[in-house]
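Structural description and commentary
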Amino acid sequence: MRYDIEKIGKENYIRVISNSHETRDEFACNMISEADIKGLIKLYYAPANGTDVYKYRVTDLVPLERFMEGIQDPQMLGDILEQILCIYENLGEYILKPEGLMFSKKFMYMDLKDCEVKMIYIPADKNCADAEMALRVLLLDIASSVNLCVPAIDSLTHYLSRNEVLSLMVIRSLIANLYPIEEEPVIVSEVKEKKKTFFRFGKAEGSGIKKADARSSGSHSDNLEMDVAINNNKQNSKRSGRKKDKEENDGIVGNINVPHYLY
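The text that follows walks through the structure, step by step, so that each part is easy to find. (Residues numbered from 1 in each chain as written. Predicted model: local features only at pLDDT ≥ 70, side-chain atom pairs only at ≥ 80, totals over all residues. Heavy atoms only, no water.)

What follows is about the side chain of Asp-52. Within the secondary structure layout, Asp-52 lies in the loop between strand 3 (43-45) and strand 4 (53-57). Within the structure, the side chain of Asp-52 is placed 3.4 Å from the side chain of Arg-24, a separation counted as a polar contact. A polar side-chain atom of Asp-52 sits 2.5 Å from a polar atom in the side chain of Tyr-45. Those residues in contact with Asp-52 that sit more than four places away from it in its chain are Val-16, Ile-17, Ser-18, Arg-24 and Tyr-45. (Helix = DSSP H or I, 4+ residues; strand = E, 2+ residues; numbered from the N terminus. Polar contact = N/O pair within 3.5 Å; in protein donor to acceptor, adjacent residues only side chain to side chain. Contact = heavy atoms within 4.5 Å.)

Printed below as a string of structure tokens:
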């Protein structure tokens with residue numbers, strides 16, 4: 001295939017001219033031309049002199065290579081790599097083969113309006129022989145082009161460059177290391193029960209982590225001492241003729257914020 005840039009007035013197009021021995025995928029050609037597929041640049045099929053010509057409008061897009069020059073945050077790199085993986089995986093929803101993608105930074109763009117990665121899909125059977133390897137090489141090329149001294153980026157490029165099979169799940173776990181880890185606040189509640197006061201602690205509500213009290217965790221030296229015994233015998237003797245207040249015995253008195261390093 002041959003590639004060039006065509007300018008028509010104020011419009012810019014990437015033009016892909018196929019060779020005579022390459023077979024066009026009619027279904028893929030119609031799908032890319034008519035459907036609005038997230039992450040793919042719409043195709044304009046314009047055959048000329050018996051040759052298949054595929055055109056992709058890139059007027060309002062920024063070349064990915066130029067965009068990468070301004071990356072100063074590993075999280076931005078993670079967003080780009082994750083979008084590429086999503087584009088790769090979502091092709092199956094449209095019955096498109098991943099071998100049709102152009103796995104080259106040179107032919108990838110950024111839509112600054114939506115902060116989306118845009119790729120070119122060529123509906124021809126000779127575009128790419130091994131899509132999984134081409135995807136891996138592309139991710140390595142993009143990650144290596146970022147001028148940041150971050151251990152997570154070094155780890156990512158290290159594993160992508162090794163001669164081993166990596167699943168998309170493994171690649172995603174490496175990309176996830178580019179994002180900062182957000183610690184959830186710890187909530188400690190003071191609870192009164194059967195003449196004793198203790199503290200129940202756990203993650204914030206909705207975090208999915210079950211709350212537990214300190215008494216069930218043991219009394220090892222490395223654990224936070226949460227159980228505080230209170231002698232209420234004298235007070236109870238004065239209340240012999242009164243009923244115990246259920247809310248006083250079982251209700252939550254208040255919330256105490258504890259530094260995360262004590263959790």
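Right, let's get into the nonpolar core. Leu-40 and Ile-84 are the most contacted members of the largest nonpolar core, which totals 59 residues. Once residues lying within four places of it in the same chain are set aside, the contact partners of Ile-84 are Met-108, Val-117, Met-119, Leu-135, Leu-138, Leu-139 and Ile-142. (Core = buried A, V, L, I, M, F, W, Y, C linked by side-chain atoms within 4.5 Å. Buried < 20%, exposed > 50% of the residue type's maximum accessible area, 1.4 Å probe, protein only.)

Let's shift gears to the sheet that holds strand 2 (residues 11-17). In spatial order, the strands read 1-2-4-3; together these 4 strands make up an open sheet with antiparallel pairing. Each edge of the open sheet carries a strand with a single partner, namely strand 1 (2-8) and strand 3. With strand direction ignored, the average angle separating the axes of adjacent strands in the sheet is 30°. (Pairing = 2+ DSSP bridges. Axes fitted to C-alpha atoms, helices over the stretch in contact; angles between N-to-C directions.)

Turning our eyes to something else, we now look at the pattern of salt bridges. Taken as a whole, this structure holds 13 salt bridges when the rule is applied. Glu-116 is the salt-bridge partner of Lys-38, the closest N and O atoms lying 2.5 Å from each other. With Lys-38 in the loop between helix 1 (26-34) and strand 3 and Glu-116 in strand 7 (residues 116-118), the pair connects residues that are 78 residues apart, well separated along the chain. Among the residues examined, Glu-116 registers a relative accessible area of 16% and is labelled buried. Here Arg-57 ties to Asp-60 by a salt bridge, and the two come within 3.3 Å at their closest N and O atoms. (Salt bridge = Lys/Arg side-chain N within 4 Å of Asp/Glu carboxyl O.)

Let's shift gears to the sheet that holds strand 7. Here we have 3 strands laid out as an open sheet, ordered 5-6-7, and antiparallel in their pairing. What marks the edges here is a single partner per strand, and that holds for strand 5 (62-63) and strand 7. Across 2 bridges, strand 5 lies against strand 6 (residues 109-111) in antiparallel orientation. When the bridges of strand 6 are listed, Val-62 appears paired with Met-110.

This next bit is on the packing of aromatic side chains. Two numbers describe a pair of aromatic rings. These are the distance of the centres and the angle of the planes. Scanning the entire structure with this criterion turns up 4 aromatic pairs. A centroid spacing of 6.1 Å and a plane angle of 85° characterise the contact between Tyr-13 and Tyr-44, whose relative ring orientation is edge-to-face. Placement of Tyr-13 in strand 2 and of Tyr-44 in strand 3 is noted, with a sequence separation of 31 residues between them. (Phe/Tyr/Trp six-rings, centres within 6.5 Å; stacked < 30°, edge-to-face > 60°.)

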